[in-house]
Amino acid sequence: MAGKKGGADGMKKWAGLLLAFLLLLGDRAEDFSIVNSDGTVSTLSLMLAQKKAVYVYFWASWCDMSREELPVVQAMYDQYGEDCGFIVASVEAENNVSTVEALKQTLGLTTLPMGTGGLYAFLAYEQPGIPFSVLIDADGTVRAMHLGVATAEGRLDALDDIR
């Protein structure tokens, strides 16, 4: 019986997370800024004023899925960065720009803007884990979200819709 109760509790937890996830779609994204490893600052509202959309990718250096996926995010940036802004934000409080730059070098990320200071923005989405990505249109509306590793093709379809 205890197993069934745990299963029901687990289902309620995931149903609650799914509901919270769906409620965020169509909502306005909260503004935030990060400091990139090159010392520049990326601010969501300023980027939205210049681009058709912004793709936000939350990651952590200790997360194997994030490290595996960051080269895919760079390829997306290389393809869509002219039309779409990219904010690639660490959720780790202890990361600094030199730590991020070292990770970029380790992973061979030459063009992707990556930074620190994404923890509070990530927490606003109330998601249980990372990697987590959000596509925000020029009006500041959350158009798509994905928790976990996503195929590049699925995310590129969403970016194609914005272009």
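Residues numbered from 1 in each chain as written. Predicted model: local features only at pLDDT ≥ 70, side-chain atom pairs only at ≥ 80, totals over all residues. Heavy atoms only, no water.

1. Describing the pairing of strand S6 (residues 132-137)
Of all six residues that make up S6, six are buried, and the element is covered over most of its length. A two-sided burial pattern is seen for S6, the buried positions comprising Phe-132, Val-134 and Ile-136 on one face and Ser-133, Leu-135 and Asp-137 on the other. Both strand S3 (residues 53-59) and S6 contribute to a ladder of six bridges, which runs antiparallel. Across the sheet, Tyr-57 pairs through a bridge with Ser-133, a residue of S6. One ladder, built from five bridges, connects S6 with strand S7 (residues 142-147); its direction is antiparallel. Residue Ser-133 lies in a different strand from S7, and its bridge partner there is His-146. Hairpin connection, S6 to S7: the antiparallel pair is bridged by four residues, and Gly-140 has positive phi, about 90 degrees. (Buried < 20%, exposed > 50% of the residue type's maximum accessible area, 1.4 Å probe, protein only. Helix = DSSP H or I, 4+ residues; strand = E, 2+ residues; numbered from the N terminus. Pairing = 2+ DSSP bridges.)

2. Digging into the side chain of Gln-127
Locating Gln-127 in the fold gives a position in the loop between helix H5 (119-124) and S6. Looking at Gln-127, its side chain comes within polar contact range of the main-chain oxygen of Tyr-125, at 2.9 Å. (Polar contact = N/O pair within 3.5 Å; in protein donor to acceptor, adjacent residues only side chain to side chain.)

3. Some remarks on the packing of aromatic side chains
Counted under the stated rule, the structure contains eight aromatic pairs. On the numbers, 5.4 Å between centres and 50 degrees between planes, the contact of Tyr-55 with Phe-86 is tilted. Separated by 31 residues along the polypeptide, Tyr-55 in strand S3 and Phe-86 in strand S4 (residues 84-90) bring together distant segments of the chain. Assigned by exposure class, Tyr-55 and Phe-86 land together as buried. By the ring-pair criterion, three or more aromatic residues cluster together here, those being Phe-32, Phe-58, Phe-122, Tyr-125 and Phe-132. (Phe/Tyr/Trp six-rings, centres within 6.5 Å; stacked < 30°, edge-to-face > 60°.)

4. Comments concerning the layout of surface pockets
By volume, the largest pocket is sized at about 230 Å³. Taken together, 16 residues form the lining of the largest pocket, with Ser-42, Met-47, Tyr-77, Phe-86 and Pro-113 sitting closest to its centre. Elements with a contribution of two residues or more to the lining of the largest pocket: strand S2 (41-43), helix H2 (44-50) and S4. Per-class residue counts for the lining of the largest pocket are seven nonpolar, seven polar and two charged. (1 Å grid on protein atoms, 1.4 Å probe; cavity = no way out; pocket = protein on both sides within 12 Å on 5 of 7 lines; lining within 4 Å. Points joined across faces, edges and corners; volume = space filled by probe spheres on them. Nonpolar A, V, L, I, M, F, W, Y, C, P; charged D, E, K, R; others polar.)

5. Quick look at the confidence of the model for the chain
Should the pLDDT be low somewhere, the predicted coordinates at that spot are not to be read in detail. Of the residues in the chain, 77% have a pLDDT of 70 or more, and the chain-wide mean is 82. Long-range and interchain partners of residues 1-6, a stretch whose pLDDT sits below 50, account for zero contacts in this model, where long-range means more than four residues apart. Between residues 10-23, whose pLDDT stays under 50, and residues either more than four places distant or in other chains, the model counts seven contacts. (pLDDT = per-residue confidence, 0-100. Contact = heavy atoms within 4.5 Å.)

6. What about the sheet that holds strand S5 (residues 114-116)?
Within a sheet, neighbouring strands are paired by backbone hydrogen bonds and run either parallel or antiparallel to one another. As summarised here, the arrangement of the seven strands in space is S2-S1-S5-S4-S3-S6-S7, forming an open sheet in which the pairing is mixed. If you trace the sheet from one side to the other, it starts and ends with S2 and S7, each paired once. Sheet twist, expressed as the average angle between the axes of neighbouring strands with direction ignored, equals 30 degrees. Two strands pair when backbone bridges link them, and strand S1 (residues 33-36) and S2 are joined in this way by three bridges, in the antiparallel orientation. Looking across to S2, one finds that Ser-33 is bridged to Thr-43. Docked against the sheet, helix H4 (residues 97-107) engages S1, S3 and S5, running at close to 150 degrees with respect to S5. (Axes fitted to C-alpha atoms, helices over the stretch in contact; angles between N-to-C directions.)

7. Brief notes about unusual backbone geometry
Of note, the amide linkage connecting Ile-130 to Pro-131 takes the cis form, showing an omega dihedral of 0 degrees. Relative to the assigned elements, Pro-131 resides in the loop between H5 and S6.

8. Overview of H4
Within the sequence span of H4, burial applies to Val-100, Leu-103 and Lys-104. All buried residues of H4 fall inside an arc of 105 degrees around its axis, so they share one side. Turned more than 90 degrees off the buried face of H4, the exposed positions are Gln-105 and Thr-106. Downstream of H4 by one or two residues, Gly-108 has phi in the positive range, about 70 degrees. (Arc of directions from axis to C-beta.)

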